[in-house]
Amino acid sequence: MKLITVQNPAFPWFGMDIGGTLVKLVYFEPVDITAEEEQEEVENLKSIRRYLTSNVAYGKTGVRDVHLELQNLRMCGRTGNLHFIRFPTQAMHRFIQMGRDKNFSSLHTTLCATGGGAYKFENDFRTIADLELLKLDELDCLIQGLLYVDAVGFNGHPECYYFQNPSQPDNSTKQPCNLDNPFPMLLVNIGSGVSILAVYSKDNYKRVTGTSLGGGTFLGLCCLLTGCDSFEEALEMASKGDSTNVDKLVKDIYGGDYERFGLQGSAVASSFGHMMSKEKRDSISKEDLARATLVTITNNIGSIARMCAVNERIERVVFVGNFLRINTVSTKLLAYAMDFWSKGQLRALFLEHEGYFGAVGALMELLKTTEEP
């Protein structure tokens with residue numbers, strides 16, 4: 001019998017998802033390096049590891065999400081920690097230049113990348129940093145990464161959660177749950193735009209539809225309407241606003257509920273409908289506008305997701321993507337919408353690592369050759 005020895009890819013191990021708004025980067029930090037390996041390790045590899053793991057911020061806009069770190073993972077026979085890093089796509093050229101300055105190309109590693117930016121910036125990686133990208137399909141990576149992270153769990157806790165009592169958003173509570181038997185599921189990926197996938201197995205899925213009204217729309221409109229400069233600032237403003245000062249509700253038209261069709265008076269009849277009135281326009285705050293923008297985008301996504309679930313006859317609806325990062329308003333609103341319009345038949349599910357699954361899937365592609373028999 002012939003024994004086959006498979007060589008692991010050279011360190012460092014990265015996966016990248018270059019989106020329209022954010023770049024997501026996952027980095028596997030080995031913690032089982034032997035004395036012999038450490039002695040043989042080249043200095044710029046040590047430099048990269050120190051730089052990534054000893055900082056929580058990189059320049060003005062790069063952030064390592066320390067609270068999401070997956071510890072003591074076993075990947076390809078190695079033990080290590082998985083780090084999650086993000087920065088705005090508009091800072092991509094600074095990242096490429098950093099790769100050149102740290103002589104990244106000398107490490108002879110494969111840089112696996114997914115997302116539209118893997119195509120957009122491919123030539124820049126090649127000409128500026130002498131790096132070749134292995135470009136991967138973003139939806140394949142999304143599904144593979146999601147299933148992997150859900151399977152390994154979140155440092156002993158479930159990756160997945162839902163909201164108990166979703167019909168009472170102010171009193172609903174986050175509850176962990178398991179995606180033990182995930183298929184079929186409707187996967188709603190909310191990034192700059194939105195893609196909705198019907199997933200029947202890890203290799204069998206289809207893109208059902210999508211919408212251009214996503215996280216990029218929310219941030220873009222907020223920048224125009226309020227003068228904010230970042231997603232964090234937009235959400236902070238939205239958390240203090242009252243969208244009912246901007247939106248026209250059912251009760252504003254009917255004087256109460258529209259009982260025949262089960263429409264509550266508090267339901268939105270016309271997003272931004274009050275803004276036809278100069279008197280209303282003069283009385284609202286920037287915070288109200290931010291909240292109304294968030295509610296408008298979220299309600300639209302929830303409505304489309306619910307119709308897709310009905311059409312595809314799928315009861316498990318999972319929402320992911322960086323739009324949901326630090327965005328409790330939207331997660332609770334989506335949970336409420338799924339529960340209300342389905343009369344309790346659909347439960348919205350969410351995942352802790354939200355927008356990083358594409359990058360994890362890209363990393364798994366790098367390691368794939370060592371895990372196949």
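Read on for a plain summary of the structure.

**Some details on the overall build of the protein**
Then, number 1: Per the secondary structure count, the protein includes 13 helices and 17 strands.
Then, number 2: Over its C-alpha trace the protein gives a radius of gyration of 23 Å, about what one expects of a compact globule, namely 21 Å for 373 residues.
Then, number 3: Expressed as lengths along the three principal axes of its C-alpha atoms, the size of the protein is roughly 75 × 45 × 35 Å.
Then, number 4: Relative to its 373 residues, the protein shows a buried fraction of 49%.
Then, number 5: For the protein, the exposed area adds up to about 18500 Å²; of that, 48% sits on carbon and sulfur atoms.

**Some remarks on the pairing of strand β9 (residues 160-164)**
Then, number 1: β9 sits mainly inside the fold: 4 of its 5 residues count as buried.
Then, number 2: Sheet analysis places β9 next to strand β10 (residues 173-177), joined by 5 bridges and oriented antiparallel. Its bridge partner lying in β10, Q164 is registered against T173.
Then, number 3: Where β9 lies against strand β17 (residues 347-351), 2 bridges are found, and the strand directions are antiparallel. In the strand pairing of β17, C160 is matched with L351.

**Quick look at unusual backbone geometry**
Across residues other than glycine, the phi torsion is negative in most instances, and most of the peptide bonds are trans.
Then, number 1: The step from F11 to P12 runs through a cis peptide bond, and the omega angle for that step is 5 degrees.
Then, number 2: Here P12 is to be found in the segment before β1 (13-18).
Then, number 3: Of note, the bond from F183 into P184 is cis; its omega dihedral lies within 30 degrees of zero at -10 degrees.
Then, number 4: A positive phi angle is found at C76, which is not glycine, with a value near 55 degrees.
Then, number 5: In this structure, C76 sits in the loop between β5 (70-75) and β6 (78-88).
Then, number 6: By relative accessible area, which is 16% here, C76 ends up buried.
Then, number 7: Look at K343: it is not a glycine, yet its phi comes out positive at around 55 degrees.
Then, number 8: Residue K343 is classed as exposed on the basis of its relative accessible area, which comes to 74%.

**Focus on the packing of helix α3 (residues 92-101) against helix α5 (residues 122-129)**
Helix-helix packing is characterised by the crossing angle of the two axes and by the distance between the axes.
Then, number 1: For the pair α3 and α5, the least separation of the axes is 9 Å and the interaxial angle reads 35 degrees. With respect to the hand of their crossing, α3 and α5 are arranged in right-handed fashion. Mapping the contact onto sequence places M92, H93, F95, I96, Q97, G99 and R100 in α3 and D124, F125, I128 and A129 in α5.
Then, number 2: For the contact of α3 with α5, the per-class residue count stands at 6 nonpolar, 3 polar and 2 charged.

**Remarks on a nonpolar patch on the surface**
Then, number 1: On the surface, L221, L224 and L225 cluster together to form a nonpolar patch covering roughly 290 Å² of accessible area.
Then, number 2: Secondary-structure assignment places L221 in helix α7 (residues 215-226).

**Some words on the sheet that holds strand β13 (residues 205-211)**
Then, number 1: If you walk across this open sheet you meet the 7 strands as β10-β9-β17-β16-β11-β12-β13, and the pairing is mixed. The open sheet has two edge strands, β10 and β13, and neither has a second partner. Neighbour-to-neighbour, the strand axes of this sheet turn through a mean angle of 30 degrees, independent of strand direction.
Then, number 2: Across the face of the sheet, helix α6 (residues 138-152) comes into contact with β9, β11 (185-190), β12 (194-199), β13, β16 (316-320) and β17 while running at roughly 110 degrees to β11.

Definitions and cut-offs
Residues numbered from 1 in each chain as written. Predicted model: local features only at pLDDT ≥ 70, side-chain atom pairs only at ≥ 80, totals over all residues. Heavy atoms only, no water. Helix = DSSP H or I, 4+ residues; strand = E, 2+ residues; numbered from the N terminus. Rg over C-alpha atoms; globule rule 2.2 N^0.38 Å. Buried < 20%, exposed > 50% of the residue type's maximum accessible area, 1.4 Å probe, protein only. Areas by Shrake-Rupley, 256 points an atom, 1.4 Å probe, with all protein chains shown as cover. Pairing = 2+ DSSP bridges. Axes fitted to C-alpha atoms, helices over the stretch in contact; angles between N-to-C directions. Left-handed = near helix turned anticlockwise from the far one by under 90°. Contact = heavy atoms within 4.5 Å. Nonpolar A, V, L, I, M, F, W, Y, C, P; charged D, E, K, R; others polar. Patch = residues over 30% accessible without salt bridge, like charges linked within 9 Å, V, L, I, M, F, W, Y side chains within 5 Å. Salt bridge = Lys/Arg side-chain N within 4 Å of Asp/Glu carboxyl O.

Geometry only, nothing functional implied.
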